[in-house]
Amino acid sequence: MGAAMRRIHVGNALSAFGLGFTVPYLYVYVAQVRGLGSVTAGLVLAVFAVAALIVLPFAGRAIVRRGPLPVLLTALVTAAIGALSLGLAATATTVLAAAAALGAGQAVMQPALATMIVDCSSSETRSRAFAMQFFLQNLGLGVGGLIGGHLVDTTSATSFTLLFAIEAAMFLLLVVVMATVRMPRAPHVGDAPGQSAGGSWKQLLGNRAMVQLCVLGFVLFFACYGQFESGLSAYGVEAAGISTSALGTALAANTLMIVVAQFAVLKFVERRKRSRVIAAVGLIWAVAWAVAGYAGLGHGSQTMATAAFISTYALFGLGEAMLSPTLAPLVADLAPTGMAGQYNSAFALVKQLALAIGPAVGGPLGASVHAPYIVAFLLFSLGITVLALRLGRQLTDVQNQPSLARSRVVTQGGAPADAVATAEV
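Conventions we followed
Residues numbered from 1 in each chain as written. Predicted model: local features only at pLDDT ≥ 70, side-chain atom pairs only at ≥ 80, totals over all residues. Heavy atoms only, no water. Helix = DSSP H or I, 4+ residues; strand = E, 2+ residues; numbered from the N terminus. Rg over C-alpha atoms; globule rule 2.2 N^0.38 Å. Buried < 20%, exposed > 50% of the residue type's maximum accessible area, 1.4 Å probe, protein only. Contact = heavy atoms within 4.5 Å. Areas by Shrake-Rupley, 256 points an atom, 1.4 Å probe, with all protein chains shown as cover. Lys, Arg positive; Asp, Glu negative; His and termini not counted. Charge placed at Lys NZ, Arg CZ, Asp CG, Glu CD. 1 Å grid on protein atoms, 1.4 Å probe; cavity = no way out; pocket = protein on both sides within 12 Å on 5 of 7 lines; lining within 4 Å. Points joined across faces, edges and corners; volume = space filled by probe spheres on them. Nonpolar A, V, L, I, M, F, W, Y, C, P; charged D, E, K, R; others polar. Phe/Tyr/Trp six-rings, centres within 6.5 Å; stacked < 30°, edge-to-face > 60°. Polar contact = N/O pair within 3.5 Å; in protein donor to acceptor, adjacent residues only side chain to side chain. Axes fitted to C-alpha atoms, helices over the stretch in contact; angles between N-to-C directions. Parallel < 35°, antiparallel > 145°, perpendicular 65-115°, else oblique. Left-handed = near helix turned anticlockwise from the far one by under 90°. Core = buried A, V, L, I, M, F, W, Y, C linked by side-chain atoms within 4.5 Å. Salt bridge = Lys/Arg side-chain N within 4 Å of Asp/Glu carboxyl O. Expected span 1.5 Å × (residues − 1). Patch = residues over 30% accessible without salt bridge, like charges linked within 9 Å, V, L, I, M, F, W, Y side chains within 5 Å. pLDDT = per-residue confidence, 0-100.

Secondary structure assignment for the protein yields 19 helices and zero strands. The C-alpha radius of gyration of the protein comes to 22 Å, within 12% of the 22 Å expected for a compact globule of 425 residues. Principal-axis analysis of the C-alpha atoms gives the protein an extent of 70 × 50 × 35 Å. Counting across all 425 residues of the protein, residues that qualify as buried make up 50%. Contacts in the protein between residues at least 24 apart in sequence constitute 85% of all its contacts with a sequence separation of at least 6. Total accessible area computed for the protein in this model is approximately 17,900 Å², and 67% of it derives from carbon and sulfur atoms. With 23 positive and 13 negative side-chain charges, the protein shows a separation of 7 Å between the mean positions of the two kinds.

Below you can see the structure in the form of structure tokens.
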């Protein structure tokens, strides 16, 4: 791992740590501490999604033309201003404006950092680099949320101001860290005159494999991430009688599974076809939804229901650990030279759409119609398997299984790799 990649991973950890401080407590802060009510709190959460959907199409073009580092630094400063303003805001208007700035900055960070990882890695090291990114993000979010929970006091607005100030400080510290990164020279579309923004989007939409991956990504994020804190938690409370403390334990089990399993599954994932790995995730998540169905619809004891519900979140974590070294590197491998930023932003846009629609659909269903909710999302998970296998037919052998490229180098001319290298020298 080079110096640039180390700084990028530190940046991922710092940004996740800062977000972990505030994200779990945002609703309580707006609705109760500032006394602005549940409607305003809901609007704040919606503003985060809307801001992301607005800026991401432009972010991709900016990354392609200017490079990921300047875009990332701009996003960090914007997010820092938004976080500090949110901690000081006392009216609905100022809260919503601050949330828009914070949401826009956070949204642009994701594709910018992903493109930096692509530029600083090779096809052989990319899966491990994205696995490390996902590991550090979850670790940062967990540690930040844990520390933030001990600092927050719902009777004191000052304690929340402190949380948002710490988040802003993390973003500014990240500006200092990222400003020292020396990125390798990467080709940009801006280097080739005549390439318009509309042309780059047309080129992306003409890539059938990328379009299929975006459809698959939407279903993935809608059926899993979009349900964690809305439909699935509502189902657990209403149908399975899960307490709030048990719900917290389930979320912790999800994070723990990712932290423990991430590098254990990495070697397994690297040697398999990416399409089959994603298909396997769909099957694992189908089992997770079936276990959740037992928790809420079965006739076992409350202890068994709680254990099943926690196991559901752990199974989701196992699937996430398998996806992290698979999805993002596949997006990078599908992107033409110089277009990684555009493709990363497009995939981030799909993710934001799924995360905006998922809670809106899953929340009411999980709280009221329990059996149809479980059946529907179990079928969505099986759909992931079908879509992944179909995607595999659109990929080249090396795109689907990058380890083949390494094995071909090793067996070049029927000789070992070191012998080939010696002959070339």
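Right, let's get into empty space enclosed by the protein. Over the atoms a probe the size of a water molecule is rolled, and this reveals where empty space is left. One pass over the full model with this rule turns up one cavity of 30 Å³ or more. Estimates place the volume of the largest cavity at around 80 Å³. Every residue lining the largest cavity is counted, 11 residues in all, and those nearest its centre are Ser127, Val269, Glu270, Arg274 and Pro402. Residue composition of the lining of the largest cavity, grouped by class: three nonpolar, three polar and five charged.

On to the packing of aromatic side chains, then. Each pair of aromatic rings is reported with the distance of its centres and the angle of its planes. Tallied over the full model, the rule gives 16 aromatic pairs. For the pair Trp289 and Tyr373, a centre-to-centre distance of 5.5 Å together with 85° between the ring planes defines the contact as edge-to-face. Pair noted here: Trp289 is in helix H12 (residues 274-297) and Tyr373 is in helix H16 (residues 370-392), with a separation of 84 residues, a long-range link. Comparing Trp289 with Tyr373, the two get one shared label, buried. In textbook terms, an aromatic cluster arises when at least three aromatic residues are bridged by ring pairs, as seen for Phe218, Phe222, Tyr235, Trp285, Trp289, Phe316, Tyr373, Phe377 and Phe380.

The next thing to look at is the side chain of Asn12. In this structure, Asn12 sits in helix H1 (residues 3-22). For Asn12, the side chain forms a polar contact with the side chain of Gln133, separated by 3.4 Å. In contact with Asn12, other than residues within four places in its own chain, are Leu113, Ile117, Gln133 and Gln137.

The contact between H12 and helix H13 (residues 302-323) brings their axes to 8 Å, and the two run at 170°. What the angle tells us is that H12 and H13 run roughly antiparallel. Looking at the contact of H12 with H13 residue by residue, the classes come out as 22 nonpolar, three polar and one charged.

Moving on: the packing of helix H6 (residues 126-151) against helix H14 (residues 327-334). Contact pair H6 / H14: the axes reach a minimum separation of 8 Å and the direction vectors enclose 135°. Judged by the inter-axis angle, H6 sits oblique to H14. Every pair of crossing elements has a handedness; the one defined by H6 and H14 is right-handed. Residue-level inspection shows Arg126, Ser127 and Phe130 of H6 in contact with H14, the latter providing Ala328, Pro329, Ala332 and Asp333. In terms of residue class, the contact of H6 with H14 is made up of four nonpolar, one polar and two charged.

Let's shift gears to the nonpolar core. Core analysis: the largest hydrophobic core is formed by 60 residues, its most contacted members being Met210, Leu213, Leu232, Trp285 and Phe309. Those elements giving two or more residues to this core turn out to be helix H9 (208-223), helix H10 (231-238), helix H11 (244-270), H12, H13, H14, helix H15 (340-368) and H16. Leave out the neighbours within four places in its chain, and Phe309 touches Leu232, Ser233, Tyr235, Gly236, Ile242, Leu247, Ala250 and Ala295.

Side chains that differ in charge, positive against negative, can pair when their charged atoms come close. For the structure on display, the rule yields three salt bridges. In this structure, Arg128 engages Glu270 in a salt bridge whose closest nitrogen and oxygen atoms are separated by 3.1 Å. Remark: Glu270 occurs in helix H11 and Arg128 occurs in helix H6; sequence separation between them is 142 residues. Owing to a relative accessible area of 41%, Arg128 belongs among the partly exposed residues under this scheme. For Glu270, a relative accessible area of 13% puts it in the buried group.

Take H16 next. Owing to its 3.6 residues per turn, the α-helix brings residues three or four apart onto one side. Along its 23 residues, H16 runs 34 Å from first to last C-alpha, staying within 8% of the 33 Å computed at 1.5 Å per residue. Those residues of H16 that fall on the buried side of the exposure criterion are Tyr373, Ile374, Phe377, Ser381, Ile384, Thr385, Ala388, Leu391 and Gly392. On its buried face, H16 sits against H9, H10, H12, H14, H15 and helix H17 (397-400).

The subject of this paragraph is helix H4 (residues 68-88). Between its terminal C-alpha atoms H4 stretches 30 Å, which fits the 30 Å expected from 21 residues at 1.5 Å a residue. Residues of H4 that are buried make contact with helix H2 (26-33), helix H3 (37-66), helix H5 (92-119) and helix H7 (157-179).

We now examine a nonpolar patch on the surface. A contiguous nonpolar patch, built from Leu139, Val143, Leu146, Ile147, Leu151 and Leu162 and spanning about 480 Å² of accessible area, is present on the exposed surface. Per element, the largest residue contribution to the nonpolar patch is five residues, and it comes from H6. Inspection of the secondary structure assignment puts Leu162 in helix H7. Judged by relative accessible area, which is 43%, Leu162 ranks as partly exposed.

Turning our eyes to something else, we now look at the confidence of the model for the protein. Any residue range with low pLDDT should be treated as having predicted coordinates unsuitable for detailed reading. Looking at the protein, the pLDDT average stands at 83 and 90% of residues meet or exceed 70. A low-confidence stretch, residues 189-195 stays under pLDDT 50, and its non-local contacts, those more than four residues away or across chains, total 12 contacts. In the model, residues 409-425 has pLDDT below 50 throughout and makes seven contacts with residues more than four positions away in sequence or in other chains.

Once that is clear, we can look at the environment of Val39. In this structure, Val39 sits in helix H3. Judged by its relative accessible area of 61%, Val39 is exposed. Distance from Val39 to Asp333, taken between C-alpha atoms, is 43 Å for residues 294 residues apart in sequence.

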